[in-house]
Amino acid sequence: MRKRKPLPPTPGNIRKARAFVLVKWRERAAEMGRPQPRTARGACKFASLFAAAVFGGDLRGNWQHQWAEVDGQIIDLSVRDGDYTHDIMFFGNADHAESMTLCMPRVAQWLAEFAAHTPK
C-alpha cells in the first residue's frame, strides 16, 4: 500500500479520527470478551500510533500516557490519563518499545480501514 499524505490536524479531522479509534477500541473489547468501553481510555498506545500515522506527527509520552504531536500541536485521540510532559527515558525503554511493536499489526489494520473511508 502506498503511503498517503498526512491529513491536516483540523478539529474536524481530529474528531473523525477520535470517533474511529473509539469504534475500533470497542471492537477490540468485544473480541476480548470485555464490556464495551464508553471511552477510549487505555487505548493511548494504539491511538497515538494511529494519530502519528494519520496526521504525520511524532510520538510523545511518559509512563502515564502517550499522544502524537504535530508541529507543537498535541493530538490525543484517547482519554487523557496524565500530563503531556514527554519523558525521553520512558520512550527509550526496551519494554515500552516492545509493547509498541505488538500494537503495530492492529494499528496497520485500523489505518487501512480509515484510509479506505477517507477521501484523498
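Owing to the predicted nature of the structure, the values given are computational and were not obtained by experimental measurement.

## Focus: the pattern of salt bridges
Evaluated as defined, the whole model comprises three salt bridges. Between K24 and E27 there is a salt bridge, with its nearest N and O atoms 2.6 Å apart. Pair noted here: K24 and E27 are both in helix 1 (residues 11–31), with a separation of three residues, about one helical turn. For K24, a relative accessible area of 6% gives the class buried.

## Focus on the sheet that holds strand 2 (residues 66–70)
Pairing is antiparallel in the open sheet, where three strands are placed in the order 1-2-3. The sheet terminates laterally at strand 1 (58–61) and strand 3 (73–75), the two strands that pair on one side only. Taken over all neighbouring pairs, the strand axes of this sheet differ in orientation by 40° on average, direction set aside. Pairing analysis gives four bridges linking strand 1 to strand 2, with the strands arranged antiparallel. Bridging from a neighbouring strand, G61 pairs with Q66 of strand 2.

Definitions and cut-offs
Counting restarts for each chain: residues are numbered from 1 in the order of the written sequence. Confidence filtering applies because this is a predicted model: local features only for residues at pLDDT of at least 70, side-chain atom pairs given and counted only at 80 or more, and all residues used for totals across whole chains, interfaces and linings. As a rule here, side-chain values cover all heavy atoms of the structure and leave hydrogens and water aside. The working definition used for a salt bridge is a side-chain nitrogen of Lys or Arg within 4 Å of a carboxyl oxygen of Asp or Glu. Secondary structure elements are defined from DSSP: runs of H or I of at least 4 residues count as helices, runs of E of at least 2 residues count as strands, and each element is numbered from the N terminus. The rule is simple: take the accessible area with a 1.4 Å probe, protein chains only, and divide by the maximum for that residue type; under 20% is buried, over 50% is exposed, in between is partly exposed. If DSSP finds at least two bridges between two strands, the strands pair. Simply put, an axis is a line fit to the C-alpha atoms, just over the touching stretch for a helix, and the angle between two N-to-C directions goes from 0 to 180 degrees.

Limitation: the analysis is restricted to geometry and does not speak to function.
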